[in-house]
Amino acid sequence: MAIPEQVEAYLASQSEPKQTDLRALHAHMLAAFPDSRLWFSDGTNEDGKVVANPNIGYGAYTITYADGSSREFYRIGLSATTSGISVYVLGLDDKTFLARTYGASIGKATLTGYCIKFRRLSAVNVDALQAAIRHGMSVDQTGYAIPDAGRGGEA
């Protein structure tokens, strides 16, 4: 199954109101970053064991591990959780950035080093959430913003 079809099946499998919120976030990502790579992970490892929640990813960057190995991964991820929705903003070197920058304005959400968790989209300030997403899509491999990267299309 092609990635867009996997994403649609995942979205369709979600109960309301989570499905509507995820669809709104997905539509925003596709409109704001039409040239970015689309990912889907069903949450299973190579052995078929469930190791994470399924997630939709957007954009790409290279993760380099302590042992020197590396792999490509998405910049922004969306996932339904038992308590709501998680938006993953990956590739940030400063693990306090999200909380420092958006904590006071984002609304009813929990912010960690790379994750924004909330129960409903209506509980958060969508402008602040979109700003965090734009920042995540615009950070280069050294942690600095790429000029013009958050205006649609992948950097």
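Preceding this paragraph is the structure being described.
Along every chain, residues carry numbers that run from 1 in the direction the sequence is written. With the structure being a predicted model, the display of local features is reserved for residues of pLDDT at least 70 and the display and counting of side-chain atom pairs for 80 or more, all residues being used for whole-chain, interface and lining totals. To get the side-chain values, all heavy atoms of the structure are used, and hydrogens and water are removed first.

### Focus: the sheet that holds strand β2 (residues 55-58)
Within the open sheet, the six strands sit side by side as β1-β2-β5-β6-β8-β7. Their pairing is antiparallel. Looking at strand neighbours, the two that pair on one side only are β1 (38-41) and β7 (110-111), the edges of this open sheet. When DSSP locates at least two bridges between a pair of strands, those strands are taken to pair. For the purposes of this entry, the term helix denotes a DSSP run of H or I that reaches at least four residues, the term strand denotes a run of E that reaches at least two, and both are numbered from the N terminus. Alignment of β2 against strand β5 (residues 76-81), held across three bridges, turns out to be antiparallel. Pairing of G57 across the sheet is with G77, part of β5. Helix α1 (residues 3-12) contacts β1, β2 and β5 of the sheet and is inclined by roughly 55 degrees relative to β1. In what follows, a contact means two residues having at least one pair of non-hydrogen atoms within 4.5 Å. Angles run from 0 to 180 degrees between N-to-C directions of axes, and those axes are lines fitted to C-alpha atoms, restricted for helices to the stretch in contact. In the packing of helix α2 (residues 18-32) onto the sheet, the strands contacted are β1, β2, β5, β6 (84-89) and β8 (115-118), and the crossing angle to β5 comes to about 175 degrees.

### Focus on the pattern of salt bridges
Any Lys or Arg side-chain nitrogen found within 4 Å of a carboxyl oxygen on Asp or Glu counts as a salt bridge. Taken as a whole, this structure holds four salt bridges when the rule is applied. For the salt bridge of D21 with R120, the shortest nitrogen-to-oxygen distance reads 2.9 Å. On the criterion of sequence distance, the pair formed by D21 in helix α2 and R120 in the loop between β8 and α4 (126-138) is long-range, its members being 99 residues apart. We note a salt bridge from R100 to D94, for which the minimum N-O separation is 2.4 Å.

### So, the nonpolar core
If you look at the biggest cluster of nonpolar residues, it comprises 34 residues, and the most contacted ones within it are V87, L98, Y102, I116, F118 and L129. Where this core is concerned, the elements lending two or more residues are α1, α2, β2, β5, β6, α3 (97-102), β8 and α4. With six residues, the single largest contributor to this core is α4. In this structure I116 touches I85, S86, V87, V89, L98, I106, A109, T110, L111, L129 and A132, once residues within four positions along its chain are discounted. Note on terminology: a nonpolar core comprises buried Ala, Val, Leu, Ile, Met, Phe, Trp, Tyr and Cys residues joined through side-chain atoms within 4.5 Å. Relative accessibility under 20% of the residue-type maximum defines a buried residue, over 50% an exposed one, and the middle range a partly exposed one, all with a 1.4 Å probe and only protein chains included. Listed in part, the nine residues of the second largest apolar core include Y61, I63, F73 and Y88.

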